[in-house]
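Structural overview
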Amino acid sequence: MIAVEAIGLGRVYDAKRGPPVRALAGLSIRIEQGEVHGLLGPNGAGKTTLIKILSTLLLPTEGSANVLGRDVTRELRAVRSSIGIVLGGDRGLHSQLSARETLHYWAALYNVAARETTSRVESLLQRVGLLERAEARVETYSRGMKQRLHLARGLIANAPVLFLDEPTIGMDPLAALDFRRLIAELRNEGRTILLTTHDMAEAEAVCDRVSLIDHGRLIAVETPGTLARLLTQHERVDFVASEAVAARVGAQPGVSKLTKLGTTGSYRVEISDHAALSAVLAHIVGEGVTSVRTSAPSLEEVYIHLIGDRGLRV
Amino acid sequence: MFWNWRTWLFGWLSRILTGAASWVLVGRLLGDTARLNYLLLGNAAVAGVGTFAVAASAWERWDGTYALLVVAPGSMAPAMMGRMAVWILHWIGSSFATFVFLWLAFSWQPPMMGLLVAIPGVTLLALSTYALSLFLGACIGRVPALRNILINLLTSAILVLCGVSVPVSFWPRWVQVIAAVLPTTHALAAIRAGFAGQPSWEVARDMGLEALVGFGWLTLAALTIDRMAEAGRADGSIHFS
Amino acid sequence: MMVRLQSFVFQLWVIAQMQLRLSRRNVEDLLPVIVMPLLTFGSVAIFIDAKRVDLVGHALTASTLLTVGQMGFFVGSDLVSLERRDQLLELMVATPTAYGVVLAARISVITALGLLGIVEGWLIVRFAFGVPVPLPHMPELLATLLATVAAASGMATLFSALFGLARTSRTFQHAINGPFYLLGGVLVPVAYLPTWAQHLSPFTFFYWSAGLLRDCFHPEAIHSLGGRLAIIVALGVSFGGSGVLVVNRMLHRLRRDGALGLS
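All of these numbers come straight from a predicted model, not from anything done at the bench. (Residues numbered from 1 in each chain as written. Chains lettered and ligands numbered in written order. Predicted model: local features only at pLDDT ≥ 70, side-chain atom pairs only at ≥ 80, totals over all residues.)

1. Thoughts on unusual backbone geometry
Even without being a glycine, Asn111 of chain A presents a positive backbone phi close to 60 degrees. Checked against the element boundaries, Asn111 of chain A lands in the loop between helix 3 (99-109) and helix 4 (114-127). Despite not being glycine, Thr184 of chain B has its phi angle at roughly 95 degrees, a positive value. Its place among the elements puts Thr184 of chain B in the loop between helix 8 (173-181) and helix 9 (185-195). (Helix = DSSP H or I, 4+ residues; strand = E, 2+ residues; numbered from the N terminus.)

In structure tokens, the structure reads:
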């Protein structure tokens, strides 16, 4: 069953000076119930614009969208009752309230019944690891703690659909790892999650499917593994050897491509014929190479390949 | 935050002029022309009080430039003083605009000599309150949240104690001593002396006293700004952002 | 129906508690309460120096109304623009609770804190100047104060929508209060205003509140108390109702223009 759907969604912003800016252009997407769906794209691609439209904070200029069958432009209350939003960053919290006070407040705004509020708040604080610091003011929290409070706030209504806009931004690696575990738990509870992120490892680890967006258009929608195969259908073997050894490996039957990786004597061969893989591996080991592994293209490689390497340019 | 002509005219100045109108009404309520003139002159002169300068160090901290100023060679004082100095023109302009408004809207007829004295008087008053405000702002630099309260408290103190609404002699002796070292008191006395046609030496004496008060606060401000930076290095209150 | 009402009341209670905490913990929110009553020093000094101790009630009235008014217009109406800056507005709009209701409730709490102004003002007059101010009409005084808070909250809700959501310069926002105080005769009764201005005065709740408060400080019986209170409350309800409508309109416009957040 479809949890989130956008049909030909478009959004144009009028600029005070210059031509209008098109943030989304005819974007259509479907997210199944219980799916964790990642939105990847460079800054300004339209990811946040899409999230804002789906969460009723922004009106589209073209097309339509619905959440659990409810139109995001007309059935505001119904949509808002069924979504939770998690933002990244330092903002979005009352710094002078404690975590517990914050969650009580948002529970009231989400019409959580009085008799359920306390138990739900305590359970969420426990779940995100803030129980011990629940009485401290948010202004004393680290970035990671604030992020966890954002998540708890997004879950306070027990909403079936969650929108997470760069939720791990600024988190240290351990906290980000913890966060992925939490996402997995939420998926197991049957929630639908739409997640924007720049973290490829995160998207590969938690997302069932990933949409690549650039300049407001959808470029690809696939599972992370399938996206990798878009880049190459071939098996890849990475190894460390001298130039001469690499050249001999590259000349083996079944090897379609030899690439030098960086400047540290690392090489990669792509093998077009799967049947030749064992022979190539045996040859590499026979050359005395001890550092060897097979690999598939990473999501980052796919991203760069499809979006384009634009460096620091927007 | 800075004014454009619209916000200055319709935002700031209209607020000042509403205040002036309220003093006109008080004068009418009391039915005393002399008191009305007293109130109008006092409030027009202090429309130029520079208490806003209390926010100087707070702004530097919020802009993230405070730490950079600390590590730069040389004193921080010129940078912080300079940043706020541009507002002096705004304060002087507010006062003069109020004089013009009272003349046009309420047919207030000030003597020419009085207006001639008002020009340097208001300028001196703006400078000396700017100096005290800088000093106080440096003192509360580590608690920027107090800046608006301090600005308002200082403004209230000047309006109440420095001869703006009632003569300084109205207050108990100990309050008069405080008023004597507050900016505005002597400059306003000089302006009032000029308007009343008092001898020039009286005007000059009061202007001199105001200059002395202002210079004293400016010196304290310059010393305090750098001292607070040193204290910040000791207690870790200087942040990058 | 009862369940929904209970739920609504509980919601308002939580919102009010939260705002009280925020205001207590943020000294800037209490600026008018700290500063406005100090104006009592100036106005009482003028009246005493002019040998018009009988006008001290005017000074206390002004102190009260300015504090309540500034809490509503200065602090309360800034709520929206501050929360927009802190990315809280978007999150609140995304909840199923009507933002206008949340705003009105929070502004009411903030405005009610302005009642501390009358306490401070009375203490200043009594102990700093040694002038006794008897309070012969306590119940009427309390009723007037509550009605005034309601009216100020309603007006502040409208202002917050107009200024906070319309992104109008803060300087305009602060400038517009002064004329309301003048027209309302908070310090000087409106009889001293030009005739053309006096016609506008009854449209401000300050006019009715100031008149009632001054009457409360005098021993004579207060005339038309019920009618005057009703007018204050009616003005408050109409401003507040307009405020909530304007909030909804403004939010719709901001959603359309993509300007709900500042990012």
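2. Points about the interface of chain C and chain A
Across the contact, 26 residues belong to chain C and 24 residues belong to chain A. Of all the elements in the fold, those that place two or more residues in the side of chain C that touches chain A are helix 1 (2-25), helix 6 (88-93) and helix 14 (225-257) of chain C. With nine residues, the top contributor of residues to the side of chain C that touches chain A is helix 1 of chain C. Looking at side-chain class alone, the side of chain C that touches chain A contains 13 nonpolar, seven polar and six charged residues. (Contact = placed C-beta atoms within 7 Å. Nonpolar A, V, L, I, M, F, W, Y, C, P; charged D, E, K, R; others polar.)

3. Concerning the sheet that holds strand 3 (residues 36-40) of chain A
All names here are of chain A. Strand order in the open sheet made by the six strands is 6-7-8-3-9-10, with mixed pairing throughout. One side of each edge strand has no neighbouring strand; the edge strands of this open sheet are strand 6 (83-87) and strand 10 (217-222). Geometrically, the sheet is characterised by an average inter-axis angle of 15 degrees between neighbouring strands, direction not taken into account. Alignment of strand 7 (residues 161-165) against strand 8 (residues 192-196), held across five bridges, turns out to be parallel. (Pairing = 2+ DSSP bridges. Axes fitted to C-alpha atoms, helices over the stretch in contact; angles between N-to-C directions.)

4. Details of the arrangement of the chains
In this assembly, two pairs of chains are in contact, and the pair with the greatest number of contacts comprises chains B and C. Separated throughout, chain A and chain B approach each other most closely at a C-alpha pair spaced 13 Å apart.

5. Considering the domain arrangement of chain A
Entries for chain A in the domain assignment read domain 1 (2-223) and domain 2 (233-296). Each of domain 1 of chain A and domain 2 of chain A has a C-alpha centre, and the two are 43 Å apart. (Domains from an automatic or database assignment.)

6. Side note on the environment of Ala180 of chain B
Inspection of the secondary structure puts Ala180 of chain B in helix 8. Along the primary structure Ala180 of chain B and Leu102 of chain B are separated by 78 residues, whereas in three dimensions their C-alpha atoms are 28 Å apart.

7. Brief notes about the packing of helix 3 of chain A against helix 4 of chain A
Packed helices, taken two at a time, are described by their axes: the angle between them and the distance between them. Residues and elements named next belong to chain A. Relative to each other, helix 3 and helix 4 sit at 130 degrees, their axes nearing to 10 Å. As far as their axial angle goes, helix 4 and helix 3 are oblique. Like other packed secondary-structure pairs, helix 3 and helix 4 cross with a definite hand, here right-handed. The segment helix 3 lies against helix 4, with Ala99, Arg100, Leu103, His104 and Ala107 engaging Thr117, Arg120, Val121, Leu124 and Leu125. Class assignment of the residues belonging to the contact of helix 3 with helix 4 gives a composition of six nonpolar, two polar and two charged. (Parallel < 35°, antiparallel > 145°, perpendicular 65-115°, else oblique. Left-handed = near helix turned anticlockwise from the far one by under 90°.)

8. Overview of the interface of chain C and chain B
Between chain C and chain B, the contact holds 25 residues from the first and 29 residues from the second. Looking at the side of chain C that touches chain B, the elements with two or more residues in it are helix 2 (31-35), helix 3 (39-49), helix 10 (170-175) and helix 11 (177-184) of chain C. When residues of the side of chain C that touches chain B are assigned to their parent elements, the largest contribution, six residues, is made by helix 3 of chain C. When grouped by side-chain class, the residues that make up the side of chain C that touches chain B number 17 nonpolar, five polar and three charged.

9. Here we look at the confidence of the model for chain B
Residues and elements named next belong to chain B. Per-residue pLDDT for chain B has a mean of 84; in total, 89% of the residues score no lower than 70. By mean pLDDT, helix 3 (residues 56-63) is the weakest element of chain B at 68, and helix 8 is the strongest at 96. Here the prediction assigns the complex a pTM of 0.83, and the interface score ipTM is 0.87. (pLDDT = per-residue confidence, 0-100.)

10. Here's the deal with the environment of Ile119 of chain B
Topologically, Ile119 of chain B is positioned in helix 6 (residues 112-139). Placed 27 residues apart in sequence, Ile119 of chain B and Ile92 of chain B show a C-alpha to C-alpha distance of 8.8 Å.

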